[in-house]
Amino acid sequence: MSKEKQSFLTVLLSLVLVPGVLLLVSAVTGGAFPVGVALLLGLPLGLGYGLQTGLLRSYPLSSAQGWVELLVDLTWSLPNTLFGFVFGNLVYVFFGRPSRADSENQGWVVYRPNPGGSFGHNVLQTLGTVNLGGAGQHEKMHLLQARIFGPFYLPFVAASYVITSLLQLLWTCTVGGLLKLLGMRDKAYLRPPAHSAVGGFFGWIYYATPIELWAYATGNP
């Protein structure tokens, strides 16, 4: 299959499946999610995502894996895909530019970071199927996690951050703070291991979430 045909199919499937899934959600919820809203959101988002991934040739539709990745991203994992498409592109455009060389046949959109700074170089990030900085140590694991957990992924991540934030605050304001006052610790808060991409107070909150513990333990799949 030619690259041009793969790009065309990516655009076509995105344009059909994104609004189609949103219409299905509308039907299942008994109209709680209006049909008009499903079309108003689904058509431009589907076209936009299809054009971006089609032009970057993200999905290798000459292989079964490419078809599975695209279909999963446009159905089961659609909330993650749309979240990444909207917010990833809004944020990452200030730190880099979409790269076909890094995205082609990789099943995601990669922004190659601008020179300088740490975001995109030392600190990589993946939102849905949109990434800044490339695969790195474990960014593709987050992509796999989103595809496995589908619509439950984002709520699980949000809940994880709430829990680790509360644990960090509780420790810092009680045991950690007391140990710091007694000179038994140099910092009241819990700190992540040295290999964590993020350090300091927030670093432990980030590192202790299940998705990060899993990703650091296994690296890129």
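This text gives an overview of the structure that appears in the document. (Residues numbered from 1 in each chain as written. Predicted model: local features only at pLDDT ≥ 70, side-chain atom pairs only at ≥ 80, totals over all residues. Heavy atoms only, no water.)

### Brief notes about helix H6 (residues 139–149)
Across the 11 residues of H6, eight count as buried, placing the element largely inside the fold. Within H6 the residues assigned to the buried category are Glu139, Lys140, Met141, His142, Leu143, Gln145, Ala146 and Arg147. Buried residues belonging to H6 abut helix H3 (64–74), helix H4 (78–92), strand S3 (125–127), strand S4 (130–132), helix H7 (153–173) and helix H10 (210–218). Downstream of H6 by one or two residues, Gly150 has phi in the positive range, about 55 degrees. (Buried < 20%, exposed > 50% of the residue type's maximum accessible area, 1.4 Å probe, protein only. Helix = DSSP H or I, 4+ residues; strand = E, 2+ residues; numbered from the N terminus. Contact = heavy atoms within 4.5 Å.)

### Comments concerning the sheet that holds strand S2 (residues 109–113)
Here we have four strands laid out as an open sheet, ordered S1-S2-S4-S3, and mixed in their pairing. Bordering the open sheet on either side are strand S1 (96–98) and S3, each of which pairs with just one other strand. Sheet twist, expressed as the mean angle between neighbouring strand axes with direction ignored, is 20 degrees. Judged from the three bridges that link them, S1 and S2 form a sheet pairing that is antiparallel. Its bridge partner lying in S2, Pro98 is registered against Tyr111. (Pairing = 2+ DSSP bridges. Axes fitted to C-alpha atoms, helices over the stretch in contact; angles between N-to-C directions.)

### With respect to the side chain of Asn89
In this structure, Asn89 sits in helix H4. With relative accessibility at 15%, the residue Asn89 sits in the buried group. When near neighbours in sequence (up to four residues on either side) are disregarded, Asn89 contacts Gln52, Gly84, Tyr111 and Val130.

### Thoughts on the nonpolar core
Generally speaking, nonpolar side chains in soluble globular proteins are found buried as a group. If you look at the biggest cluster of nonpolar residues, it comprises 15 residues, and the most contacted ones within it are Val18, Leu70, Leu74 and Leu78. Those elements that place two or more of their residues in this core are helix H1 (3–28), helix H2 (35–56), H3 and H4. In terms of residue count, the dominant contributor to this core is H1 (five residues). (Core = buried A, V, L, I, M, F, W, Y, C linked by side-chain atoms within 4.5 Å.)

### Observations regarding the pattern of salt bridges
All told, the structure shown has six salt bridges when counted by the stated rule. For Lys3, the salt bridge goes to Glu104, with nearest N and O atoms at 3.4 Å. With a gap of 101 residues between them, Lys3 in helix H1 and Glu104 in the loop between helix H5 (100–103) and S2 connect regions that are remote in the sequence. Measuring nitrogen to oxygen at the nearest pair gives 2.9 Å for the salt bridge that ties Asp102 to Arg112. With a gap of 10 residues between them, Asp102 in helix H5 and Arg112 in strand S2 connect regions that are remote in the sequence. Residue classification places Arg112 among the partly exposed positions, given a relative accessible area of 34%. Overlapping salt bridges, with partners in common, bring together Lys3, Arg57 and Glu104 in one network. (Salt bridge = Lys/Arg side-chain N within 4 Å of Asp/Glu carboxyl O.)

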